[in-house]
Amino acid sequence: MNKLILTSAIFLLQAARMFGQQYSAGSFSVKISETGQVVSLKNGKTDYVTVDSPGSLLQIVVKGQSLLPVKAGFSRENIILSYPGGLTAQIRVQQDPSYIVLTLADVSKGVEAVKWGPFNTTIADTIGNTVGVVRSASFAIGLQCLNKKTAGGVLENEEGAVFGGGTTATKKPFGSSLQAFTVNRSHDRMIKVWGRWPDVPVKAIPGGELQGSSVALFGCDPGQVLSVIKTITIQENLPYAKWKGEWIKSSSESGRPYMITTFSENNIDTFLNLAKRMGMAGVYHEDPFETWGHFVLKKALFPHGRKGFKACVDKAHAIGLRLGFHTLTTFITTNDSFVTPKPDHRLAQAGSGALSSDISPDTTEIAVSADSYFRLKSDLNSVRIGDEIVRYMEVTAQPPYRLTGCVRGAFGTKKAAHKTDDPVVRLIDHPYKVFFPDWELQKEIAANIARFINETGADQMDFDGHEGTYACGMGDLSFDTFAEEVFSGADHPVVYGSSRDNHYFWHINNYLNWGEPWYGGFRESQSDVRMANQPFYENNYLPNMLGWFLITVQTSPEDIDWMLTRAAGFNAGYALVLRQEALGNPGMDEIISRINTWTSAQRSHLFNAAQLQWLRNPNNDARLLQQGDKLYLQQFKKYDFSYEARVLQPGQPGSQRWDFESVREKQIPRVVIYATGDDGRVVNPVIEIDNFFHVEIPVTLAAGQTLMMGEEKDASLYDRKGKLIRKIAVNNGLPQLDAGKHSLSFDGTADVNSPLRLKIEIKLLNNEELLQH
């Protein structure tokens, strides 16, 4: 911005500040200009509003276009905003000692949505994108939506869904902005649903009008943010979730580690005892249901049904553990009674056509009146005609349109004859081979989950697949309504997680535990995702969580140390996926011991600031050593070298040599060779140390595999997911090294034209520090 434009902007803003109306909550004040701009966001004498982009109080959306107010009139408790075309909005203002409430009391007809803000600020240090709080070292400004119809975030689609990360607070070149919106759902609409299904007919719902949309604005010391939000939550009747008598946002219990497994009535004691030995908060069943929708338990696991599950819960509670279950929220499996043998007419639909002619129960080409809703291919490619579900291959390109390759009576529904003009309803589905409920059926599914919780006493669940609520076309309103109906329907406290973050749901959400173990080794699977999530949790006042980690029969105590190092650094929880076969892990007792040692140190806050920062780095390895009543943090150093085959002159050795240093006496290094690249192999690799130790390992190391030698004499070969392929006997174990400088040489037979590259890592104990209470 050039100097003249900036000077003009400052002059206009100063002029606007001379008029308008100011509203206060303690030392925080908001001033609205006579044109409806937010021209001041002040704490005492410090103003956090932006000079060149002051933002607006409320925008309205008409025919897809956002309109800014052109005039504002003020009375004691009301603001009347005027917009182009003679449109108006009335806002009721309530000033509380801690926050300011803005509520839409009335708005002109024909308005499709309203958008609160953006409230633009100069604060840029920390952006709580989901919770809706921006803060610097000295001050924080926040926005809280006060009901489900008001969604936190930027309005980007007709359905009112905030896909991806939250946008209640967003980073801007000038600092940050806070915003929210409400979509008018008081009339029938034709909109794109879930960002994929076009022109879906979405019916009006009771309470879908814009009136009542409401937000609270506050400003406070950064250390008081949670206290203010707690006050807003209680006074404005937002979901107030507690665990063990304490608000979940201030409870350390929300982020505790827990175990994930497939327990049953027969083996529950084994897993509960193991979880108790590990200091876990509870046990969570990863797949207990035969169907989703009515949530029928698997008979093989729970022959006594819900009574059997309740017996497991009672055993957990008896030893101080919680017991939970996994489901995918509103996903409806095709074997559920909402689908078969008679499909519920409230299954979510993308739209409908009609039969162009009568069909018999065996017709496999079905004539339809139009093609639009049948053109989009999906995983189940299904329509409902009366009480029959039909799968089809495709719809013909030209009229008369026909559904071809039809499979009649799909999913156990009954084949039947149907008449001309009978509706042909296109069902919304998903790659998980499931259907979804409409707005009304979604309420019944929420009640079914709450009933399961109440009948069994279960006290942990994840709203996994939470995005499935978008299928009914209500955007974030359906996301939040479903969660709140489960929350309010449960007759006892429950710990809730989710697959998605969301502003209103934040009040119900104990934790988000993102990061899965299925895509690589123990350390490698989604490691970047796990680390990247930590600032998000901290910015949004959520407990740090590292995600899921899979313990197998081969998982080593050193791998557990790597996870626990990160947990200590971030003061994070995690989930251990531990199935029946993992119980045979020969190092299980040592794994349990290390978990308890690290957890005790973490919860006792034994690490100083510098140590915590070091522990956060995923490239660093550490171990805790207990000697009598003293506990030491052992920090390891790793040297990384790269090797690739070269074109050699006659007689030239193929080995490559590197230097490294050991700072401690009498330690055996660990050498790890990672084979990277899309293809290639190295045969019979040779390691030499200090020109005297020589070992040739009789193995072919292929791309994606890892070879390791340490204190054991044998070498170990692993696949790309960290699974042990085999042990390899070698003629010499690695030598003990004295303190000082050393060298390592490596050689092996490899094709110089292959893309294979080797990363060779040497790991040595580097430092040992006494941890002080």
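Refer to the structure printed above.
Residues numbered from 1 in each chain as written. Predicted model: local features only at pLDDT ≥ 70, side-chain atom pairs only at ≥ 80, totals over all residues. Heavy atoms only, no water.

Asker: I keep staring at the overall build of the protein and nothing clicks. Help me out?
Answerer: Within the protein one finds eleven helices and 51 strands. For the protein, the spread of C-alpha atoms along the three principal axes comes to 90 × 80 × 65 Å. Here the contacts in the protein between residues at least 6 apart in sequence split such that 68% fall between residues at least 24 apart. Charge centroids of the protein, computed over 78 positive and 83 negative side chains, lie 3 Å from each other. (Helix = DSSP H or I, 4+ residues; strand = E, 2+ residues; numbered from the N terminus. Contact = heavy atoms within 4.5 Å. Lys, Arg positive; Asp, Glu negative; His and termini not counted. Charge placed at Lys NZ, Arg CZ, Asp CG, Glu CD.)

Asker: Any chance you could explain the packing of helix H8 (residues 527-539) against helix H9 (residues 557-570) here in plain terms?
Answerer: To describe two helices that pack against each other, one gives the angle between their axes and the distance between the axes. Two elements in contact, H8 and H9, have axes whose closest approach is 12 Å; the angle formed by their N-to-C orientations is 15 degrees. Of the possible angle classes, the one that applies to H8 and H9 is roughly parallel. The interaxial crossing formed by H8 with H9 has right-handed handedness. Between H8 and H9, the contacting residues are Ser527, Met531, Gln534 and Glu538 on the first element and Trp562, Arg566 and Phe570 on the second. Split by residue class, the contact of H8 with H9 holds three nonpolar, two polar and two charged. (Axes fitted to C-alpha atoms, helices over the stretch in contact; angles between N-to-C directions. Parallel < 35°, antiparallel > 145°, perpendicular 65-115°, else oblique. Left-handed = near helix turned anticlockwise from the far one by under 90°. Nonpolar A, V, L, I, M, F, W, Y, C, P; charged D, E, K, R; others polar.)

Asker: For this particular structure, what's the right way to read the nonpolar core?
Answerer: One broad trend across soluble globular proteins is that nonpolar side chains are buried collectively. Counting residues in hydrophobic clusters, the biggest one holds 103 residues, and the most contacted among them are Met278, Phe309, Leu323, Met563 and Tyr574. Aside from chain neighbours lying at most four places away, what touches Phe309 is Phe263, Pro288, Leu297, Phe302, Leu323, Gly324, Phe325, Phe452, Thr456 and Ala458. Within the second largest apolar cluster, 42 residues are counted, among which are Tyr83, Ile91, Ile127 and Ala169. (Core = buried A, V, L, I, M, F, W, Y, C linked by side-chain atoms within 4.5 Å. Buried < 20%, exposed > 50% of the residue type's maximum accessible area, 1.4 Å probe, protein only.)

Asker: I'm lost on the sheet that holds strand E13 (residues 133-135) in this one. Help?
Answerer: If you walk across this open sheet you meet the eight strands as E7-E8-E9-E10-E20-E14-E13-E12, and the pairing is antiparallel. The open sheet terminates on both sides in strands that have one partner only, identified here as strand E7 (71-74) and strand E12 (126-128). Within this sheet the neighbouring strands show an average axis-to-axis angle of 20 degrees, counted without direction. Relative to strand E9 (residues 87-95), strand E8 (residues 78-83) runs antiparallel, the two being bridged by six bridges. Each residue of the ladder has a partner; that of Ile79, found in E9, is Ile91. Sitting on the sheet, helix H2 (residues 225-235) touches E13, strand E14 (140-145) and strand E20 (214-220), and the angle it makes with E20 is about 150 degrees. (Pairing = 2+ DSSP bridges.)

Asker: Please explain the pairing of strand E18 (residues 189-193) as it appears in this structure.
Answerer: Moving residue by residue along a regular strand, the side chains alternate between the two faces of the sheet. Strand direction decides the pairing type here: E18 and strand E19 (residues 197-202), joined by four bridges, are antiparallel. Bridging across to E19, Val193 finds its partner in Trp197. If you look at the hairpin formed by E18 and E19, you'll find three residues sitting between the two strands, and Trp194 has a positive phi there, around 60 degrees.

Asker: Even after reading the chapter, I still don't get the packing of aromatic side chains, so can you show me in this structure?
Answerer: Under the counting rule described, the total for this entry stands at 37 aromatic pairs. Taken together, a centroid distance of 6.2 Å and an interplanar angle of 45 degrees make the contact between Trp514 and Tyr537 tilted. Taken together, the residues span a long stretch of sequence, with Trp514 in the loop between strand E37 (495-498) and H8 and Tyr537 in helix H8 at a distance of 23 residues. Residue classification places Tyr537 among the buried positions, given a relative accessible area of 0%. One aromatic cluster is present, built from ring pairs that chain together Phe163, Phe463, Tyr470, Phe479, Phe482, Phe487, Tyr496 and Phe505. Residue placement shows Arg196 over the ring face of Trp197; its charged tip is 5.1 Å from the ring centre. We note Arg530 situated over the ring of Phe549; from NZ or CZ to the ring centre the distance is 4.0 Å. (Phe/Tyr/Trp six-rings, centres within 6.5 Å; stacked < 30°, edge-to-face > 60°. Lys NZ or Arg CZ within 6 Å of the ring centre and 35° of its normal.)

Asker: It is not clear to me how the environment of Tyr639 should be interpreted in this structure. Could you clarify?
Answerer: Of note, Tyr639 is situated in strand E41 (residues 630-643). Along the backbone, Tyr639 and Gly677 are 38 residues apart, and their C-alpha atoms lie at a distance of 20 Å. In this structure Tyr639 touches Phe660, Glu661, Ile760, Glu761, Ile762 and Leu764, once residues within four positions along its chain are discounted. One polar contact links the side chain of Tyr639 to the main-chain carbonyl oxygen of Glu661, over a distance of 3.1 Å. (Polar contact = N/O pair within 3.5 Å; in protein donor to acceptor, adjacent residues only side chain to side chain.)

Asker: Is there a simple way to think about unusual backbone geometry in this case?
Answerer: Trans peptide bonds make up most of the peptide bonds, and negative phi angles are found at most residues other than glycine. Cis geometry marks the peptide bond from Thr340 to Pro341; its omega dihedral reads 5 degrees. With respect to the helices and strands, Pro341 occurs in the loop between strand E26 (332-333) and strand E27 (349-354). The peptide bond linking Pro399 to Pro400 adopts the cis configuration, its omega dihedral lying at -5 degrees. If you trace the backbone, Pro400 turns up in the loop between strand E31 (394-395) and strand E32 (402-404). Its identity is not glycine, yet Lys244 carries a phi of approximately 55 degrees, on the positive side. As for its placement among the helices and strands, Lys244 is situated in the loop between strand E21 (242-243) and strand E22 (246-247).

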